[in-house]
Amino acid sequence: LQMPVVCCAILGSENQPLLLKTFGSPSDVKLQFLVHSSLDVIESRVGNPRAEGYLGQVLVADDFRVFAQVTNTKIKFVLVVEDRGAVAESDAKKFFQDLHALYTKHISNPFFAMAETGIVSASFEATVAALATSSPGL
Amino acid sequence: MARNLQRAGELAFAKMEKINSEVLTLTYGSIVAQLVKDYEDVEEVNKQLEMMGYNMGIRLVDEFLAKSHVGSCQSFRDSAEVIAKVGLRMFLGVSATVSQWSQDGNEFSLVMEENPLHEFVDIPEHLRGLYYCNILCGVIRGALEMLNMRVDAQYVRCKLRGDAHSEIRVKLIEILEDQYPEDDE
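Cut-off values and rules
- Residues numbered from 1 in each chain as written.
- Chains lettered and ligands numbered in written order.
- Predicted model: local features only at pLDDT ≥ 70, side-chain atom pairs only at ≥ 80, totals over all residues.
- Heavy atoms only, no water.
- Contact = heavy atoms within 4.5 Å.
- Buried area = accessible area lost by both parts, 1.4 Å probe.
- Polar contact = N/O pair within 3.5 Å; in protein donor to acceptor, adjacent residues only side chain to side chain.
- Nonpolar A, V, L, I, M, F, W, Y, C, P; charged D, E, K, R; others polar.
- Core = buried A, V, L, I, M, F, W, Y, C linked by side-chain atoms within 4.5 Å.
- Buried < 20%, exposed > 50% of the residue type's maximum accessible area, 1.4 Å probe, protein only.
- Helix = DSSP H or I, 4+ residues; strand = E, 2+ residues; numbered from the N terminus.
- Pairing = 2+ DSSP bridges.

1. A look at the interface of chain A and chain B
At step 1: Residue-level contacts link six residues of chain A with 14 residues of chain B.
At step 2: Counting each side, the surface lost to burial between chain A and chain B is near 750 Å², with a carbon and sulfur contribution of 70%.
At step 3: Of all residues in chain A, Ser108, Pro110 and Phe111 of chain A bury the most surface against chain B, accounting for 68% of the area lost on that side.
At step 4: Our enumeration of links across chain A and chain B arrives at two residue pairs in polar contact (both at pLDDT 80 or more).
At step 5: Along the lines of polarity and charge, the residues of the side of chain A that touches chain B split into two nonpolar, three polar and one charged.

2. Things to note about the nonpolar core
At step 1: Formed by 43 residues in total, the largest nonpolar core has its most connected members in Phe111 of chain A together with Leu110, Leu130, Tyr132, Ile168 and Val170 of chain B.
At step 2: Elements supplying a minimum of two residues to this core: helix 2 (21-39), helix 3 (42-68), helix 4 (76-92), strand 2 (107-112), helix 5 (135-146), strand 3 (149-157) and strand 4 (166-175) of chain B.
At step 3: Of all hydrophobic cores here, the second largest spans 24 residues; its members include Leu18, Leu19, Phe96 and Ile119 of chain A.

3. Side note on the pairing of strand 1 (residues 5-11) of chain A
All names here are of chain A.
At step 1: The buried fraction of strand 1 is high, at seven of seven residues.
At step 2: In the sheet, strand 1 pairs with strand 5 (residues 76-82) via six bridges, with the strands oriented antiparallel. Bridged to Cys7 within strand 5 is Val80.
At step 3: One ladder, built from five bridges, connects strand 1 with strand 2 (residues 17-22); its direction is antiparallel. Bridge pairing links Ile10 to Leu19 in strand 2.
At step 4: What sits between strand 1 and strand 2 in their antiparallel hairpin is a turn of five residues, with Asn15 showing a positive phi close to 65°.

By themselves, these figures tell us nothing about what the structure is for.
Laid out in structure tokens, this is it:
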């Protein structure tokens, strides 16, 4: 089961970017565009009360698949993987579970303050990078 | 009489009422964060934490003696072991090891491998000098003072600062004599 993560993003309740990490070759700009496009899909689904939590695959474009998860505080997690055939839902779900856990652990720091530009923390970026590159299949 | 301090610690801990550890760590974290905001100077925050601990220690020691059923300590060495294996275990849930005794037996180190108060905490660069758990130093000082020992307790190593473990150095300054009111006759 391959799940090559190329991008992982966290967006706030106003859709402001809190974290955007890209891995491997695809250009940053292209991935940012993908993340923003997926936001439109997420927004349309979030209106639907049943669409909470794991949203599954929200977009397929070029050679990428985009998955998303929304928390009850409207924080959005977006995952972009290379399209190499079907991705097991359980892998994506597990990834979001782990990412959510990393995120809550980071903001539980009593000294944490959200900067204007989002989460500015080398250690947080490192843990997210470790999670992304250790995803099953890689 | 060989008394198993480890066992005494576990028993005492088991009897204590428990609260959710996240509530504790987040509460303690907000106290420290608020102190940092109020005082702005890291040294002052360390001092305030120690004073808070002192006020806790002078009260906690009675509860400790009542609930732990540990008899009196025969020596300073004994006191050290009791703090490490029973006191800390009972109140914080983790025990420490006593090490690095000084030649004259008046100084020792309390080494802690883990500390529940550290959960989630990441000290930012500009607060480098902060001893996050300095409250514990105060607790030890307060508790021992009620037992007629004046000590000085300082953090020398802290896991949150990147050290391998946390270590408090405790120095016995003097044994206080019981103060009796002067006899009028």
